[in-house]
Each structure stands twice: as C-alpha cells, then as structure tokens.
Amino acid sequence: MSLLARRLFGVVPTLLGVVVVTFVLTRLLPGDPAAFFANSPTADAATIAAIRQKLGLDLPLWQQFLLYLGALLRGDLGQSIVTGQPVAADLLRLLPASAELTLAAFAMAVLVAVPLGMAAALRRGSLPDHLCRLLGTAGVSLPTFVSGLLLIHLFYYRFGIAPEPIGRIDPFAIPPPAMTGFFLADTLLAGDLRGFAAAARQIVLPAVTMALFAIAPLARVTRASMLGVLGSDFIRAARANGLRRRKIVLSYALRNALLPIVTTLGMIFSGMLGANVLVERVFAWPGVGSYALDALVGLDYAPVQGFVLVMAGLFIGVNLLVDLACAAIDPRARLLSDA
Amino acid sequence: MSEALLSVRDLSVAFRTRGGTLRAVEGVSFGVVKGEILGIVGESGSGKSVTALALLGLLDAAAHVTSGRVVFGGQDLLLLGQAALNGLRGAELSIVFQNPRAALNPIRAVGAQIADVIARHDPGPAAAIRARMLDALRQMRIADPEHRAAALPHELSGGLCQRIGIAMALACSPRLLIADEPTTGLDVTTQAAVMDLLRDTVRRRGMGAVLITHDLALASAYCDRIVVMHAGQVVEDAPVASLFARPRHPYTAALLGGMPSRAESIDALVPVPGSPPDLRRADLPPCRFSERCGRRQPLCATPGLRLGEQAPGHRVACRLPL
C-alpha cells in the first residue's frame, strides 16, 4: 500500500496551500466586515473599531493567519457572524443535504451516461449515438442555473408534476429521524414510504439539473473511449477466437475503456461540488452551497473559508479515490503492490 | 490428392469509400488440403489480409463480400449466421495476427486470455481449463508456463507474445490456422523459431494452414504451395518448387527477380516496375497487372481472364504466360 501512503502524504502540502489561498482571498474581498456587521447607519467609528477588535480583524494579517491556523488544528473553523453558530457545526448540519443531492445526481449521471456512451460506441449512427450527441451539446451549452430554472418552469409551473422547489421536504412536514442525514435513506430506515416518496419527489428536479451537467462530458468520454478500444487489435483477436459478444464488450472492452471514464468521473464529481452552489440556490436546497453563498454575500469570512476547506478536502479525497480506482483497474501500473 | 479442408471460390470483397467503391478482392479462388501449408504472397494492399478476414467474417462494416463461396467442413462460411460462425472461430478455424502484443488484451493475464477461449468453446471445471491452458503453453515450448501464464502482455517479449497468440489460436485444436504476417516485427532468429514451431504443430496435428506474408523467402521456406496475389487478384497458384523453378506470370517473375537471395549483388535487385492500380477506378482492366506489364498485348484488355493450368498443379492468370 505504498501508493496510498505516498498519496496521503502528498495531501498535506495541498491542504496547506488551500488554507493559505482561501485566507488571503477572503481578506482581499472588498468591503469591511466590521462595518457590515455593525449593520447600522448610526454606528460610529468607535463601535466599528470595537467590533473589529472583537473579530480579531485589527491584528496584522500574519497574526490573524496564525490564529486561524491554530484554531484549525483544534478543529475549530471559527464562528459564523450571520448564524452565530460555530462553522464546523453549521457545515456538519448542512453537509448531508448537499451530499445527498450530489450523490443522487452523480448516480443518475453514471447510470445514464455510461450505458448511453457504450450503446453509442457499439452502434454508431443509431438512436443512442444521436441522443449522446444531443445531450452532449445541450449539457455543454446550458448552464445549470438555466437548465434548473427551465426544469422548474416546465415541470412545476407548466405541467404541475413536480413539487414546489422549496428544499428537501415540505416546510410543514416533520423531517425523518436523523440517522444518516440522507432523507431518502432515513425515511426508508424508519419504514416511512410516504416520506420517502415525498423526499424523492423533492430531490428529482435538482438532481436531474446537476446530472444533466455531468452526463454530457461523461457520455462523450465513454463513447470515445469505448470506440478507441473496440477498434483495437485485441478486440478483433478476441472476436477471431470466437469469444461471446457480451464477454468482449463487458470484460475486454469496457475494462480497458474504464481508465478515462473513471478519471472523468472524478472530474465531474468535483465539478458537481461547485455546481451545488447554484443548484441549491435555485431549488432553495438547504445545503452547504447555499450557506456559503449567503456567507459570501454577508462578508462572513469564517463560513466561506470553512466551505472552501471542506470542498478542497472533498476534491482531494475524490482524486485519491480516482487514483486508487485506476490502480485497481490497470494492473500494468502495479501501483498497489510495491514495484 | 488428399482431403480438401478449405475451398475458396470466386471470392470478391468491396469497400465503400468516399472515393467510390474499392474492389479490394476480385474473383479469388484457392484451396487448402489437410496437412498443407499454403502461402498467400503479395505486396501490401494486394488483398491478402482482406481475404483472410472475409473467410472468418471479421471484415469491418465498410466492407462486404460481393460474391463467392467459402466451403469449410462441408458448409459455406459466407452463408452461416453470426452465432454459428462465432462458434467455429477459435474452435475449428483460428487466425493469428501480426503485431502479437497488440492482439492481446493489455490488462488481462495471458493465461486467463487463453483460458477464456478454452472456456468459450469447451466449457468445463476451472481446474481442467487451467490444465489445458498450461498444456497449450507447453506445446508452444514456453518455459515455466505456470509463471508465464500470470504475466501481462507488456511483460513479455514480442516472440513470446506471438507464441501466446499461437497457443491461444491452437488451444481448441482447430483444423485450419490462418497466420496473417505472424512474424512481422520479430527479429530474424525469433521469426525462424516461431515459424518452425508453427510448421511442426501443423504437420503433427495434420491441420491445414494459410500463411499470409509479403516475404517470398519466408513463404518458400515454410509453405507447400504459394498463391501470388496482385491488386486483389490471384495471378499464380503453384507448388513452391514449380513456382520458383519456372514462374509463369510476369508479376511473379518480377517478384522473384526482386528477391535478395537470388540477386548476385545489391545492384542486381530489380524492383517490380510501376505500382498497383487504384482499386477505386471504375475502368480496372481484366488483368490488373497489365498496366505495369512489359508483355502487354491488346489481347490482355479482353474480359474473361481466368486461372488456367499450365503444368500439373501450376495455374496462372495470364493471357501470355511465360
């Protein structure tokens, strides 16, 4: 497992870099948080200075950074000025909503895009091939906030099939007992089928919006990768040896085509983490994306830094998983054994 | 004459291309009997490989067989359904490709790939399949088969990869083996070792084999009979001795004149003049060599050119044979 150890070790400088960059970037933002926080036209300079001192903003930048770093090491992400809660607690509370949405969209994208790309590669010029091209173009040319609004307009406003885009459940409904934090899982665990259906109805539109954004690159890469492998000599040799089509496609071709697909999966998952911010806003989804956006608008440093840090951690984690998956798929690399 | 194994009659293959229909193979006929190694020799683009792929039903989508019969084991392979043909491939008739490493799945152990073929045609318990796989490797004189079986293609030499490829092709004891430039890219010593092994196995098992090559010297060393192809047509079909003693077709004669072993010095090597015609032309002459031929007469432009027997077993497609 030397690869794992090496990769984990490499995470440290990356995380440190993220901490520095987010710290500096948030300090470069225009506006004075102390003035903003005072939030009163009558606040005089003394009040603002007092607030600034209370927030530690009067210290030199390097001291602020060291204090921030020290707090981070203790697991303290700071205090949100807007919610008045510790940022770590806020993020932990909101993360399941975002994770549920992202994972649902990711699963949707994979289940649609990979078979679609494979079908397109196996039968060029067929219906799946055209569909693949259409989705590819649409996915690239429609930003998520446009496709999200479009879906709301069609399915909620026009056809009335989808529920109101007001978050994870009806505001008057009681949320299921929290076990995983995922409403879809929690309702099922509680045996609440009606609750499950309600939660599923809420998540469909935002998940589809995010999935649409991911399907395009994934289907395109799957198609191209499969086409490349299907045209190679060893596939012809496998056919010449009479191997069954199923075996050739699933075991010989797909496994060889998987490397670029897995790499793309990592990229689109990371992209989805970013798309989250917009989709959550459009669908009033109470996740970390909305939280970070509110904090950013309110010049609330700590939640923004915490959000970026958590996202960066997820990015790094996803990339690590992708590397390990690639090593598992391709024995040529011999990455998992010591070479 | 011994039992005919494969009989190809009047096989034609055309490709749809942007520049029009490309008639890659035109009226090709030949046969293979049991225990015989037939060489198909020609320049690149002469239709050798296309002929082989057509026999096995492995042509790509742009190509289609426009005429002909390919009788193997009493049935016409061109009329067989995909499923039936797929059952024959690798079991009754096998092919070995050039570029041995590329013909192997790069991320699957070579032994597992051979086992896949055995399991496909002859299912059985895993232990039995593994034993047969190791036996197939041993027959190709691969040392330490247990260890080699676990290797990935990139860990093996080109010669070893080709032996794996041949072991795979022969694992289910086919009656006919087609070897399409099996030694391209291998050094001369390895080439001889692989070819010796191939010949010995074919002789020992009483199989038939087709060796496709552009290398006349190689064909003369390992084949019993040689079919010479030019621009998609068979121009001459003769036993090796007869062909080399007295080539009847001007193209064969020119090819033999260009063989290094025959030339006294490098200056005496004579390349075949001109180049093959563009096979997309609509006005291809009946004899596609005629435009390169120094012996051309008005007679050559009349249609109906066929292979005619000039000597016992020696047939040539020329109006004015040498």
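So, a few notes on the structure that sits alongside this text. (Residues numbered from 1 in each chain as written. Chains lettered and ligands numbered in written order. Predicted model: local features only at pLDDT ≥ 70, side-chain atom pairs only at ≥ 80, totals over all residues. Heavy atoms only, no water.)

### Let's talk about the overall build of chain A
Point 1. Assigned secondary structure in chain A consists of 13 helices and zero strands.
Point 2. Start at the N end of chain A and walk to the C end: the helices and strands fall as α-α-α-α-α-α-α-α-α-α-α-α-α.
Point 3. Counting only C-alpha atoms and orienting by the principal axes, one finds that chain A spans roughly 85 × 55 × 40 Å.
Point 4. Buried residues in chain A amount to 42% of all 339 residues.
Point 5. Here the contacts in chain A between residues at least 6 apart in sequence split such that 72% fall between residues at least 24 apart.
Point 6. As displayed, chain A has an accessible area near 17400 Å², and 70% of this comes from carbon and sulfur atoms.
Point 7. Taken together, the 26 basic and 18 acidic charged side chains of chain A have centroids lying 17 Å from each other. (Helix = DSSP H or I, 4+ residues; strand = E, 2+ residues; numbered from the N terminus. Buried < 20%, exposed > 50% of the residue type's maximum accessible area, 1.4 Å probe, protein only. Contact = heavy atoms within 4.5 Å. Areas by Shrake-Rupley, 256 points an atom, 1.4 Å probe, with all protein chains shown as cover. Lys, Arg positive; Asp, Glu negative; His and termini not counted. Charge placed at Lys NZ, Arg CZ, Asp CG, Glu CD.)

### Points about the overall build of chain B
Point 1. Secondary structure assignment for chain B yields 10 helices and 12 strands.
Point 2. When the 322 residues of chain B are sorted by exposure, 52% land in the buried category.
Point 3. The contacts of chain B with a sequence gap of at least 6 include a subset with a gap of at least 24, amounting to 65%.
Point 4. Surface summary for chain B: the accessible area is close to 13500 Å², and the carbon and sulfur share equals 54%.
Point 5. Taking the average place of the 35 positive charges on the side chains of chain B and the average place of its 29 negative ones, the gap between the two points comes to 3 Å.

### Quick look at the packing of helix α5 (residues 87-122) of chain A against helix α9 (residues 193-230) of chain A
Residue and element names in this part refer to chain A.
Point 1. Contact geometry of α5 with α9 gives a least axis separation of 6 Å together with a crossing angle of 35°. In terms of crossing hand, the pair formed by α5 and α9 is right-handed.
Point 2. Class assignment of the residues belonging to the contact of α5 with α9 gives a composition of 27 nonpolar, three polar and two charged. (Axes fitted to C-alpha atoms, helices over the stretch in contact; angles between N-to-C directions. Left-handed = near helix turned anticlockwise from the far one by under 90°. Nonpolar A, V, L, I, M, F, W, Y, C, P; charged D, E, K, R; others polar.)

### A short note on the layout of surface pockets
Point 1. A volume near 840 Å³ is recorded for the largest pocket.
Point 2. Lining the largest pocket are 26 residues, with Leu230, Ile235, Arg239 and Arg245 of chain A together with Asp60 of chain B positioned closest to its centre.
Point 3. Elements with a contribution of two residues or more to the lining of the largest pocket: α5, α9, α10 (233-240) and α11 (245-282) of chain A together with α1 (48-56) and α2 (82-88) of chain B.
Point 4. Residues belonging to the lining of the largest pocket are distributed by class as follows: 15 nonpolar, four polar and seven charged.
Point 5. Contributing to the lining of the second largest pocket are 24 residues, with Arg27, Leu55, Gly78, Gln79 and Ala302 of chain A lying nearest its centre.
Point 6. Secondary structure elements with two or more residues in the lining of the second largest pocket: α1 (2-28), α2 (33-38), α3 (45-55), α4 (61-73) and α13 (301-329) of chain A.
Point 7. Ranked by the residues each element gives to the lining of the second largest pocket, the list is headed by α4 of chain A, at four residues.
Point 8. Considered class by class, the residues forming the lining of the second largest pocket number 14 nonpolar, six polar and four charged. (1 Å grid on protein atoms, 1.4 Å probe; cavity = no way out; pocket = protein on both sides within 12 Å on 5 of 7 lines; lining within 4 Å. Points joined across faces, edges and corners; volume = space filled by probe spheres on them.)

Purely geometric numbers; function is a separate question.
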